[in-house]
Amino acid sequence: MTDQLTARTDVDLAKPSILSRRSPWRYLLLLAGLAVLVVLPYQIYPPVAMDILCWGLFAISIDLLLGFTGLLSFGHAAFWGGSAYATGLIAINTGLPFPLAVLGGAVFAMLIAVPIGYLSVRRTGIYFAMVTLAFAQMLYFIVNQWRDVTGGENGLQGIPKNFFGIEAVETDSFYFYYAGAAVIVVGVLVAWRVVNSPFGRVLTAIRDNPARARALGYDVEKYKIVAFVISAGLAGLAGGVFSISHGFASLQEVAWTTSGKVVLITVLGGIGTLWGGLVGAGVVVYLEDYLASAGVSGIAMITGTIFVLIVLLFRHGIWGTARNLIRERVIERRNRPRS
């Protein structure tokens, strides 16, 4: 299953990008992304815009494992939801500014990822996915039963948006969007740096041929554990901002359906593209919100049908297909004979 999901031909970040650092396409895409980030709360409801960024970073954390390491995790809700609760508890009990509370939640996610990753990475394929799912369900049970701390079925409510005493950010979702977006951007930059580093190249080598990577002297299990912990930290960062934005953390954040949803977002955006997670999150979150606001019944059936059509029409995901078209155009332009 994992091998089928990660199999690619023309989308492979192990190869040098056609879009070099001096390519105008790179700068145009970067400017377009920044423009979308700035104007998004003007076009849609700011909390929905914040949800798109949170789910986008969550999908990027999945892509770091699935697209670049070849590990399909169905248990990342443990890190997203675990950080959501940890962030909420820190914010409620200490009154720290929310970026520090979110950082504490991300650290908690990484701490619980160490033993989970150590026990999980010794398996591959569907076995790895099932082991991570089992650990996530264990955390779900703990959160549900530890009612004195987590609130049980009622969830953790009244999470404050403390931000250095700046009232506009703490009370207005529009201004909070930009403060929260800054935290998400930091997470995205960390993911980008990991992928475009020697460590990231080793991960793609492990994904493509773990036996050969091991023969070259790389400790494959150790690299997988580190990638797993980094991925958990990014998921925790996203989950922490999500809980602060909504002002509560519920059992839904640690449910297995949350893990399934983020995998779906990653596939829609494009596996192994990194930026595809943000595109997939935009499609899924906005579509769900639009249908719910319109009072449409059977949202799951409608969105499911649309997602199936997208997967069939865009074999490498939305962003992966778009990047392929840009790459082909760049190659065609370079190979065009000059008069």
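See the structure shown above.
Everything in this summary refers to the structure shown in the same document. (Residues numbered from 1 in each chain as written. Predicted model: local features only at pLDDT ≥ 70, side-chain atom pairs only at ≥ 80, totals over all residues. Heavy atoms only, no water.)

1. Considering the environment of Tyr175
Item 1. Inspection of the secondary structure puts Tyr175 in helix α9 (residues 173-195).
Item 2. Along the chain, Tyr175 and Ala205 lie 30 residues apart, while their C-alpha atoms are 42 Å from each other. (Helix = DSSP H or I, 4+ residues; strand = E, 2+ residues; numbered from the N terminus.)

2. Some details on helix α3 (residues 46-66)
Item 1. Under the 1.5 Å per step criterion, the end-to-end length of α3 is 30 Å for 21 residues, consistent within 8% with the ideal 30 Å.
Item 2. Burial runs high along α3: 20 of the 21 residues are buried. (Expected span 1.5 Å × (residues − 1). Buried < 20%, exposed > 50% of the residue type's maximum accessible area, 1.4 Å probe, protein only.)

3. Here's the deal with unusual backbone geometry
Item 1. Phi is positive for Phe164, close to 55 degrees, though the residue is something other than glycine.
Item 2. Looking at the element boundaries, Phe164 is found in the loop between β1 (156-157) and α8 (167-171).
Item 3. The backbone of Leu274 shows a phi angle near 70 degrees, a positive value even though the residue is not glycine.
Item 4. Here Leu274 lies in the loop between α13 (256-269) and α14 (276-293).

4. What to know about a nonpolar patch on the surface
Item 1. A cluster of nonpolar side chains, Leu96, Leu100, Leu103, Val107 and Leu111, forms an exposed patch at the surface whose accessible area comes to about 440 Å².
Item 2. On the secondary structure map, Leu103 appears in helix α5 (residues 98-120). (Patch = residues over 30% accessible without salt bridge, like charges linked within 9 Å, V, L, I, M, F, W, Y side chains within 5 Å. Areas by Shrake-Rupley, 256 points an atom, 1.4 Å probe, with all protein chains shown as cover. Salt bridge = Lys/Arg side-chain N within 4 Å of Asp/Glu carboxyl O.)

5. Regarding the packing of aromatic side chains
Item 1. By the definition in use, this model includes 17 aromatic pairs.
Item 2. For the ring pair Phe174 and Tyr175, a centre distance of 5.3 Å and an interplane angle of 90 degrees mean the geometry is edge-to-face.
Item 3. Looking at Tyr175, the relative accessible area reads 43%, which means it is partly exposed.
Item 4. Three or more aromatic residues joined by ring pairs make a cluster, and in this case those are Tyr42, Phe174, Tyr175, Tyr177 and Tyr178. (Phe/Tyr/Trp six-rings, centres within 6.5 Å; stacked < 30°, edge-to-face > 60°.)

That is the geometry; function is a separate question.
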